[in-house]
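# A look at the structure
Below, each chain spelled out in residue letters.
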Amino acid sequence: MANHPLITHKLTVLRDKETNSQVFRHLVEELVTLLAYEATREVKIHPVEIVTPVAPTQGAMLSLPRPVVVPILRAGLGMLEGMMRVIPSADVGFLGMVRDEKTLQASTYANRLPDDLTGRQCYVLDPMLATGGTLVAAFNYLIDKGAKDITAICLLSAPEGVATVERAFKGSEFPVTLVTGAMDEKLNEHGYIVPGLGDAGDRLYGVV
Ligand code: URA
């Protein structure tokens, strides 16, 4: 869990039901940028030689193949800009997942991703880690395509969801990493995070 006063401040404004969509979208972008700093700590780089106006020196640059950022539609889309600001050369793949509000089961309704993710570091964007069903399905989908290095960035998480993800990938050949802005109290009977912020997609884009 990222622990920083600026993250706490921004999350507090985000949670407030009086915060309008415009401010909400802006805050989501800022929060992702802050969380991305932590999430990309292990991004692959390689040494390069450059010459400054003063002297030759050795630096490091992002390695190929480029990392892949995977927003989970619809709400993950609100996190894309903030992530791309930190890592603009990344490729972007889209995963459309929806959960049945009665069974809370996640299913894929759209995807646009490279066929082969072998050797690619993947950063999954999903604002709310609630039951964990969507994230587990998304991780399995990426693993099936060859990804071995997956990090999820979630603004808020429920302990139940984190436990589900941990159970699903415990002892797995492909450990997954989760970076979250806050760990909330629990899920309610509708699968919403408490205290949470409500429906992230609706708060970003309005009720449809
Ligand atoms: N999805 C949301 O948008 N909000 C929640 O609280 C849980 C899942």
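What this report covers is the structure whose coordinates are included nearby. Computed from a prediction, not measured in an experiment: that's the story for all the values here.

## Observations concerning the site of the ligand
In the neighbourhood of the ligand, the contacting residues comprise Arg99, Met128, Ala130, Gly191, Tyr192, Ile193, Gly198, Asp199 and Ala200. One of the backbone N or O atoms of Ile193 is found 2.8 Å from an oxygen atom in the ligand. Note that a nitrogen atom of the ligand is positioned 2.8 Å from one of the backbone N or O atoms of Gly198. Isolated, the ligand exposes 240 Å² of accessible area, and the fraction of that covered by the protein chains is 88%. At a threshold of 2 Å from the grid points, most atoms of the ligand map onto the largest pocket. Residue composition of the shell around the ligand, by class: five nonpolar, two polar and two charged.

## Details of the nonpolar core
Counting 36 residues, the largest nonpolar core has Leu11, Leu14, Val28, Val69, Met83, Ile153 and Leu155 as the members making the most contacts within it. Discounting chain neighbours no more than four positions away, the residues touching Leu155 are Leu11, Leu14, Val28, Leu31, Val32, Leu35, Met79, Asp126, Pro127, Thr180, Gly181 and Ala182. Core analysis: the next-biggest nonpolar cluster, separate from the first, contains 24 residues, Leu117, Leu135, Ile143 and Ala152 among them.

## A closer look at the packing of aromatic side chains
Counted according to the given criterion, the structure contains one aromatic pair. Summarising the aromatic geometry, the rings of Phe139 and Phe169 are spaced 5.5 Å apart at their centres and angled 65 degrees between planes, so their arrangement reads as edge-to-face. Taken together, the residues Phe139 in helix H4 (residues 133-144) and Phe169 in helix H5 (residues 159-169) connect sequence positions 30 residues apart. Accessibility assignment for this pair places Phe139 and Phe169 in one class, buried.

## Examining empty space enclosed by the protein
Tallied over the full model, the rule gives one cavity of 30 Å³ or more. For the largest cavity, the calculated volume is near 50 Å³. When grouped by side-chain class, the residues that make up the lining of the largest cavity number three nonpolar, three polar and one charged.

What counts, and where the lines are drawn
- Residues numbered from 1 in each chain as written.
- Predicted model: local features only at pLDDT ≥ 70, side-chain atom pairs only at ≥ 80, totals over all residues.
- Heavy atoms only, no water.
- Near = heavy atom within 4 Å.
- Polar contact = N/O pair within 3.5 Å; in protein donor to acceptor, adjacent residues only side chain to side chain.
- Areas by Shrake-Rupley, 256 points an atom, 1.4 Å probe, with all protein chains shown as cover.
- 1 Å grid on protein atoms, 1.4 Å probe; cavity = no way out; pocket = protein on both sides within 12 Å on 5 of 7 lines; lining within 4 Å.
- Sits in = over half its atoms within 2 Å of the grid points.
- Nonpolar A, V, L, I, M, F, W, Y, C, P; charged D, E, K, R; others polar.
- Core = buried A, V, L, I, M, F, W, Y, C linked by side-chain atoms within 4.5 Å.
- Buried < 20%, exposed > 50% of the residue type's maximum accessible area, 1.4 Å probe, protein only.
- Contact = heavy atoms within 4.5 Å.
- Phe/Tyr/Trp six-rings, centres within 6.5 Å; stacked < 30°, edge-to-face > 60°.
- Helix = DSSP H or I, 4+ residues; strand = E, 2+ residues; numbered from the N terminus.
- Points joined across faces, edges and corners; volume = space filled by probe spheres on them.

On their own, these measurements won't tell you what the molecule is for.
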